[in-house]
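Residue strings, one per chain:
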Amino acid sequence: MPQTPASRPGAPALRLIGVHRTLGRGRARTEVLRGVDLTVRGGAVTVLLGPNGAGKSTTLGLCHGSDRPDAGTVRVFGEDPWHASADLRARIGVMWQEGGLPPSVTARRFVRHVASLYRAPLDPDALLDRLRIGAVADRPLRRLSGGQRQRAALAAAVVGAPDLLFLDEPTAGLDPETRPVVHEVIREHTARGAAVLLTTHLLDDAERLADEVAILRAGRVVRAGTLEQLTRVADGDVLDVDFGDASPAAVATWADAVSGTFPVTLDHDSPTARVAGVRSPAELEGLTGTWTAHGLFPARIERATLRLERLLQDTGLPTEPVQTGPDGAPSPTDQTPAGSRS
Amino acid sequence: MSTPAPTAAPTAAPTAAPTAAPHAGAAPLGARVTRQAAYETGTALRNGEQLLVTLILPLLALVGIHVTGLLDTPGRSGLDVAVPGVLALAVVSSAFTATAISTGFERRYDVLAALATTPLGTLGLVAGKAVSVIAVLAIQTVVIGGVGLALGWRPDPAGLVPALLALALGAAAFTALGLLLAGTARPEATLAVANLVWVLIGAVGGTVFPPHWAWLELTPSGALGAALRAALVEGAWAPGALLVLALWTAAATAAALRWFRWRP
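Asks: Go over the overall build of chain A with me, naming the residues and quoting the values.
Replies: Tallying secondary structure elements over chain A gives 11 helices and 13 strands in all. Per-residue burial for chain A yields a buried fraction of 47% across its 342 residues. Considering only contacts in chain A between residues 6 or more positions apart, those separated by 24 or more positions represent 70%.

Asks: Which residues make up the overall build of chain B, and what values go with them?
Replies: Counting secondary structure elements, chain B contains 9 helices and 0 strands. Ordered by position from the N terminus, the helices and strands of chain B form the series α-α-α-α-α-α-α-α-α. Since a compact globule built from 264 residues should have a radius of gyration of about 18 Å, the 20 Å found for chain B is in line with a globular shape. Each principal axis of the C-alpha atoms in chain B carries an extent, and together these give about 75 × 35 × 30 Å. Excluding contacts between residues fewer than 6 apart, the proportion of contacts in chain B whose partners are at least 24 apart in sequence is 78%.

Asks: I'd like a description of the interface of chain B and chain A, backed by residues and values.
Replies: Between chain B and chain A, the contact holds 34 residues from the first and 41 residues from the second. The set of elements that each furnish at least two residues to the side of chain B that touches chain A consists of α1 (29-46) and α4 (111-116) of chain B. Element by element, the count of residues in the side of chain B that touches chain A is highest for α1(B), at 5 residues.

Asks: Go over the sheet that holds strand β9 (residues 220-226) of chain A with me, naming the residues and quoting the values.
Replies: All names here are of chain A. With mixed pairing, the 6 strands of this open sheet are ordered in space as β5-β6-β7-β3-β8-β9. Looking along the sheet, the strands with just one partner apiece sit at the ends: β5 (92-95) and β9. Sheet twist, expressed as the mean angle between neighbouring strand axes with direction ignored, is 15°. Both strand β8 (residues 212-217) and β9 contribute to a ladder of 6 bridges, which runs antiparallel. Within β9, the residue paired with V213 across the bridge is G225.

Asks: Please set out the environment of B:A82 residue by residue, giving values where relevant.
Replies: Residues and elements named next belong to chain B. Position of A82 relative to the elements: it lies in helix α3 (residues 78-108). Among the residues examined, A82 registers 26 C-beta atoms within 10 Å and is labelled buried. Aside from chain neighbours lying at most four places away, what touches A82 is L62, I65, H66, L71 and V208.

Asks: Could you give me a rundown of the sheet that holds strand β4 (residues 71-76) of chain A, with the residues and numbers involved?
Replies: All names here are of chain A. Strands sit in the order β2-β1-β4 across an open sheet of 3 strands; the sheet is antiparallel. Whereas interior strands pair on both sides, the edge strands pair on one side only; in this sheet they are β2 (30-41) and β4. Adjacent strand axes in the sheet meet at a mean angle of 15°, parallel and antiparallel pairs treated alike. Where strand β1 (residues 12-23) and β4 come together, 5 bridges link them in antiparallel fashion. Bridging across to β4, R15 finds its partner in R75. Lying over the sheet, helix α1 (residues 56-63) contacts β1, β2 and β4, oriented at roughly 120° with respect to β1.

Asks: Got a sec to walk through the nonpolar core? Specific residues and values, please.
Replies: The biggest cluster of nonpolar side chains holds 158 residues, and the ones touching the most others in it are A:V111, A:A152, A:A155, B:V86, B:V91, B:A227 and B:L245. Beyond its immediate chain neighbours, meaning those up to four positions away, B:A227 contacts B:A166, B:A238, B:A241, B:L242 and B:L245. A:V241, A:A246, A:W254 and A:V278 belong to the second-largest nonpolar core, a separate cluster that totals 10 residues.

Asks: Which residues make up unusual backbone geometry, and what values do they have?
Replies: All names here are of chain A. One non-glycine residue, R132, lies in the positive phi region at around 60°. Relative to the assigned elements, R132 resides in the loop between α4 (124-130) and α5 (146-158). Here R132 falls in the partly exposed class, since 15 other C-beta atoms lie within 10 Å of it. If you check the backbone angles, A218 has positive phi at about 50° while not being a glycine. Mapped onto the elements of the fold, A218 is located in the loop between β8 and β9.

Asks: Just give me the short version of the confidence of the model for chain A, but keep the residues and values in it.
Replies: Residue and element names in this part refer to chain A. Residue-level pLDDT values for chain A average 83, and 84% of them are 70 or greater. Contacts for the low-pLDDT stretch residues 1-7, under 50 throughout, to residues beyond four places or in other chains number 11 contacts. Counting interchain partners and residues more than four positions distant, the pLDDT-below-50 stretch residues 318-342 has 47 contacts.

Asks: Got a sec to walk through helix α2 (residues 48-68) of chain B? Specific residues and values, please.
Replies: Taken as a whole, α2(B) carries its principal kink of about 35° at B:I56; the proline B:P58 stands between one and four residues after it. Along its buried surface, α2(B) packs onto α1, α3, α5 (121-151) and α7 (187-204) of chain B.

Asks: Just give me the short version of the packing of α5(B) against helix α6 (residues 160-184) of chain B, but keep the residues and values in it.
Replies: Residue and element names in this part refer to chain B. Between α5 and α6, the shortest axis-to-axis distance is 11 Å and the interhelical angle comes to 130°. Here α5 is positioned oblique relative to α6, judged by the angle of their axes. In this structure, the crossing between α5 and α6 has a hand that is right-handed. Contact residues: A130, V133, I134, L137 and T141 in α5; L167, A171 and T175 in α6. Across the contact of α5 with α6, the residue classes break down as 6 nonpolar, 2 polar and no charged.

Asks: Go over the pairing of strand β3 (residues 45-49) of chain A with me, naming the residues and quoting the values.
Replies: Residue and element names in this part refer to chain A. Burial analysis of β3 places 5 of its 5 residues in the buried class, which makes it a mostly covered element. Residues V45, V47 and L49 line one face of β3 and the alternating positions T46 and L48 line the opposite face, and both faces are buried. Direction of pairing for β3 relative to β8: parallel, over a ladder of 4 bridges. Considered in β8, the bridge of T46 is made with E212.

Asks: Let's hear about the pairing of strand β12 (residues 272-275) of chain A: which residues, and what values?
Replies: Residue and element names in this part refer to chain A. The sheet contact formed by strand β10 (residues 239-242) and β12 spans 4 bridges and is antiparallel. Paired with L239 across the two strands is V275, which belongs to β12. Note that strand β11 (residues 264-267) and β12 share 4 bridges and pair antiparallel. For L266, the partnering residue across the bridge sits in β12 and is A273.

Asks: Go over the packing of α1(B) against α5(B) with me, naming the residues and quoting the values.
Replies: Residue and element names in this part refer to chain B. It is at 7 Å that the axes of α1 and α5 come closest, and there the two elements cross at 50°. On the basis of the axis angle, α1 is oblique to α5. The two elements α1 and α5 cross, and the hand of that crossing is right-handed. Across the interface between the two elements, R32, V33, Q36, A37, E40, T41 and A44 of α1 pack against G124, L125, A127, G128, K129, V131, S132, A135 and V136 of α5.

The rules behind each value
Residues numbered from 1 in each chain as written. Chains lettered and ligands numbered in written order. Predicted model: local features only at pLDDT ≥ 70, side-chain atom pairs only at ≥ 80, totals over all residues. Helix = DSSP H or I, 4+ residues; strand = E, 2+ residues; numbered from the N terminus. Buried ≥ 20, exposed ≤ 12 C-beta atoms within 10 Å, placed from the backbone. Contact = placed C-beta atoms within 7 Å. Rg over C-alpha atoms; globule rule 2.2 N^0.38 Å. Pairing = 2+ DSSP bridges. Axes fitted to C-alpha atoms, helices over the stretch in contact; angles between N-to-C directions. Core = buried A, V, L, I, M, F, W, Y, C linked by C-beta atoms within 7 Å. pLDDT = per-residue confidence, 0-100. Bend = angle between axes of the 7 residues up to and from the residue. Parallel < 35°, antiparallel > 145°, perpendicular 65-115°, else oblique. Left-handed = near helix turned anticlockwise from the far one by under 90°. Nonpolar A, V, L, I, M, F, W, Y, C, P; charged D, E, K, R; others polar.

If you want it as structure tokens, here you go:
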């Protein structure tokens, strides 16, 4: 079987075609995946987004051969991962959402052991240091913090220098200082040509890491493409405007008056508005004219941020509730709009 | 096997920087299984609770029987009967109780699934566990046999070969039973059942003490105890007991292949 060199960027490392998977029995029987199509290429990070229960982890399990589909095709470097040979498994690295780590074993011993199963692994000790857990790597894994365990799990996933990495929530529970290190390590592997498929509920992480995005909803990939392709349409024309000292009532009056031209979403507790439909400098000029007419002067105008969040809203997807890891509070950008929980 | 070195990866050539990665590939099959076995054995020997059931309690039973003269009969030291029985209990400790508990929790924490996606794979994982059971059993046999000899145990030399076969078949049957339990029950239930079964087998299962009821020789523990006593006390083969062990091995292996679940 011809192997795809990991060093060729853009080559498909993983392909799912029409994948169906039903889990559970009796009343709990659910068709989790209903025809998933997905392509993951080398040299790029593909982020799989979707609400809890959308089937993200189920999809990953099928991709790394821990589960098999009821219908459809899964191919990893052209081969069926369910019947993966040892050499095909050596090209795959998996980071499990709940760790996949033995609690009573030290991080160093476990990562060294995993490394010993490969022909030419990375240096486990250097990797642990790189992920800033070298100092705690001689403690049993159960005595590490959630964020430290996350990084140990990442070390176990990448120590074999795989060509295809599956990372289930790799940055969940990380503090703001270590998150960039994890991003860097992931990037180092795409830089050498590896493909990465990761799930996350942190949209700012997704934006920072994603080359490609696939949105999973109700068991299907409803949107897929490069981050740029997907977000260009979605948010090129949206502004967030803060009117400073103005009264929310005055803002509401203005919004009523312009709603035919610019769709406006109001926050009724504060003098802020999200304005859509501003596609050109001329339209922006027109918009500022309506403020003058209503005696409003903005304190702050900015392009709507969290583009993926908007994309998810446009796709009709609820964004997921913010989860704080054991290491700290959510970053400000983690916050999801009120009423968005499913 | 006393100092497993999972830290040393002789054929592995670690690269200097995590960024510079050679093409991925699996270590050879033999190396993978050996390293998994060394890792499992090292983990077992570092685990205090496992050491308690695999070595310390069987040794206490042996010394206790010797000191109290519990199994002494006119003209024969109780040790002759006790050592084979304690060896049978030791097999149950390592092959069944320790394997079931550790595997059950590995399943709960997705360690089994994680290792299955590495070059090790499911077959390598099971093979590594089997080799590890043999390694631990070898240590148990040397320690328990050694203490027995020091106390004055004199086994029949003609029984060494049948005894080794009985130990191997017993280890196979109880490993399969342990994996079956670990792969089907919740880890808490596995913990409780594996420990309870060990206590029952030690007390009345036909291991440390010869069985009270004949039907116990149809159980794997009773058959193992009978085969070991026949070998080491009388220097004889016990084909019936060995057949019972083989049947239990086949049945438990088939059941484990059918029902074992890798994920929680």
